[in-house]
Amino acid sequence: MGKKILSYCRITDDKVILNGNLVLSNNNSDLNHWITDIYDYTKLSYPKFHKMDRLSKVGVLAAEMVMSESGFDNDNLKRDWALCCMNSSASLDDDEAYQKTIQNAEEFYPAPSLFVYTLPNIVLGEIAIRHKLRCESSFYVCEKFSADAIYNAIEDVYLCESVRYVMGGWLEVGREGCDILLFVIEESDNGNLQDFSIENLRNLYLKK
Amino acid sequence: MEQLIEELKQEIINALNLEDMTLADIDENAPLFGEGLCLDSIDALELIVLMDKKYGIKLKTAAEGKEIFKSVKVMAEYIASHRTK
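Residues numbered from 1 in each chain as written. Chains lettered and ligands numbered in written order. Predicted model: local features only at pLDDT ≥ 70, side-chain atom pairs only at ≥ 80, totals over all residues. Heavy atoms only, no water.

**Q** Can you help me understand the environment of A:Tyr41 in this one?
**A** Residue and element names in this part refer to chain A. Relative to the assigned elements, Tyr41 resides in helix H1 (residues 31-42). Take Tyr41: its relative accessible area is 33%, and that puts it in the partly exposed class. C-alpha of Tyr41 to C-alpha of Met65: the two residues are 24 residues apart in sequence and 10.0 Å apart in space. (Helix = DSSP H or I, 4+ residues; strand = E, 2+ residues; numbered from the N terminus. Buried < 20%, exposed > 50% of the residue type's maximum accessible area, 1.4 Å probe, protein only.)

Encoded structure:
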């Protein structure tokens, strides 16, 4: 029995890769339109999606794909899970938008709908709500993608004996665009699945 | 009334940052909370501020908001009869 990668999703500014297959390419859309294209591709019908910030939107879309590919529904409560992700710019995209609402004394209005997204871990809450994950979650900010850091953080999560599945990865949406690697790990003896290892995480991230 | 409903839809899109939605995506008869747009308490705050800033309507109680925010159409009817701006 070892930790295996059940499925993974890679989203960048120009493509979506799901379990090694290119499933969608970006035809020069800006980030907002690209996110809409991915939403349409997933055939997701989720009104809450439209209220989310961009980090949550992309995270929810990636989660939708990996959960579906891993064979999980979003109807049943899931308690033997954990969420563990990282990025480099935290919630800077939202922090800047929120800051603009309190910049001028004449138009001072600290918008609640922006404020609620001024923490990067909110994306994990949105994913947990969508997939009924009643679980611990952790979100780390790291200077750049690090397979070692993600691997070690998830190994720590597995110290909790009740955890069987972990959804984890790198969720970066900001000035530099969109850079996502999200995967589901399971304790499994299925030899057909990739091992959860630093080398494999690095390869999935770098795969073109 | 139709014009006010369309204007209100756009105001809601702006206030709630529903950037990828169009006016046609919002059904004026659909419930705003629970179903339809699936709004929550944070969004209710934004709608209360919108009513005040744009239409000069100050809601006094939460119960009042519950009635007024049933749908875009109900909101528009209330605005039409109570607006001070």
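**Q** Honestly, the packing of aromatic side chains in this entry has me stumped. Any pointers?
**A** Where two aromatic rings form a pair, the distance of their centres and the angle of their planes describe that pair. Residues and elements named next belong to chain A. Per the stated rule, a full pass over the model turns up nine aromatic pairs over all chains. Summarising the aromatic geometry, the rings of Tyr98 and Phe115 are spaced 5.3 Å apart at their centres and angled 50° between planes, so their arrangement reads as tilted. Separated by 17 residues along the polypeptide, Tyr98 in helix H3 (residues 92-101) and Phe115 in helix H4 (residues 112-115) bring together distant segments of the chain. A relative accessible area of 17% places Tyr98 in the buried class. On the basis of relative accessible area, Phe115 is assigned to the partly exposed category, the value being 48%. Where Phe183 meets Phe196, the ring centres are 6.2 Å apart and the plane angle is 45°; that geometry is what we call tilted. Remark: Phe196 occurs in the loop between strand E8 (194-195) and helix H7 (198-206) and Phe183 occurs in strand E7 (residues 177-188); sequence separation between them is 13 residues. Considered together, Phe183 and Phe196 belong to a single accessibility category, that of buried residues. The rings of Phe72, Trp81 and Tyr165 are connected pair by pair, giving a single aromatic cluster. Arg130 extends its terminal NZ or CZ atom over the ring of Tyr46, reaching a point 4.8 Å from the ring centre. (Phe/Tyr/Trp six-rings, centres within 6.5 Å; stacked < 30°, edge-to-face > 60°. Lys NZ or Arg CZ within 6 Å of the ring centre and 35° of its normal.)

**Q** How should I be thinking about the pattern of salt bridges in this particular structure?
**A** Pairing is possible between side chains that carry opposite charge, provided their charged atoms lie close to one another. Under the definition given, this model contains 19 salt bridges over all chains. Close ionic contact of B:Lys54 with B:Glu11 constitutes a salt bridge, the shortest N to O distance being 3.4 Å. On the criterion of sequence distance, the pair formed by B:Lys54 in helix H2 (residues 41-55) and B:Glu11 in helix H1 (residues 2-15) is long-range, its members being 43 residues apart. Using a relative accessible area of 34% as the deciding quantity, one classes B:Lys54 as partly exposed. Where salt bridges share partners, they join A:Lys51, B:Asp40 and B:Asp43 into one cluster. (Salt bridge = Lys/Arg side-chain N within 4 Å of Asp/Glu carboxyl O.)

**Q** Where do I start with the nonpolar core in this structure?
**A** Within soluble globular proteins, side chains that are nonpolar tend to cluster in buried spots. Residues A:Ile11, A:Phe49, A:Ile127, A:Met167, A:Leu171, A:Ile180 and A:Leu182 are the most contacted members of the largest nonpolar core, which totals 42 residues. Elements that contribute at least two residues to this core include exactly strand E1 (2-12), strand E2 (15-18), H1, helix H2 (54-69), strand E4 (81-87), helix H5 (122-131), strand E6 (165-174) and E7 of chain A. It is H2(A) that contributes the most residues to this core, nine residues altogether. Residues within four places of A:Phe49 in sequence aside, it is in contact with A:Ile35, A:Tyr39, A:Leu44, A:Lys57, A:Val60, A:Leu61 and B:Asp20. (Core = buried A, V, L, I, M, F, W, Y, C linked by side-chain atoms within 4.5 Å. Contact = heavy atoms within 4.5 Å.)

**Q** Any chance you could explain the interface of chain B and chain A here in plain terms?
**A** Many analyses report the size of an interface as the accessible area lost when the parts associate. Listed by partner, the interface residues are 18 residues for chain B and 14 residues for chain A. Interface area for chain B against chain A, summed over the two sides, is near 1300 Å², with a carbon-plus-sulfur share of 51%. Three residues stand out in chain B for area buried against chain A, namely B:Asn17, B:Asp20 and B:Glu46, and they jointly supply 38% of the buried area on that side. In this assembly, chain B and chain A are joined by three salt bridges. The salt bridge partner of A:Lys51 is B:Asp43, with a shortest N-O separation of 2.5 Å. Applying the counting criterion to the chain B and chain A interface returns nine residue pairs in polar contact (both at pLDDT 80 or more). If you tally residues by element for the side of chain B that touches chain A, the top one is H2(B), at six residues. Counted by class, the side of chain B that touches chain A contains ten nonpolar, two polar and six charged residues. (Buried area = accessible area lost by both parts, 1.4 Å probe. Polar contact = N/O pair within 3.5 Å; in protein donor to acceptor, adjacent residues only side chain to side chain. Nonpolar A, V, L, I, M, F, W, Y, C, P; charged D, E, K, R; others polar.)

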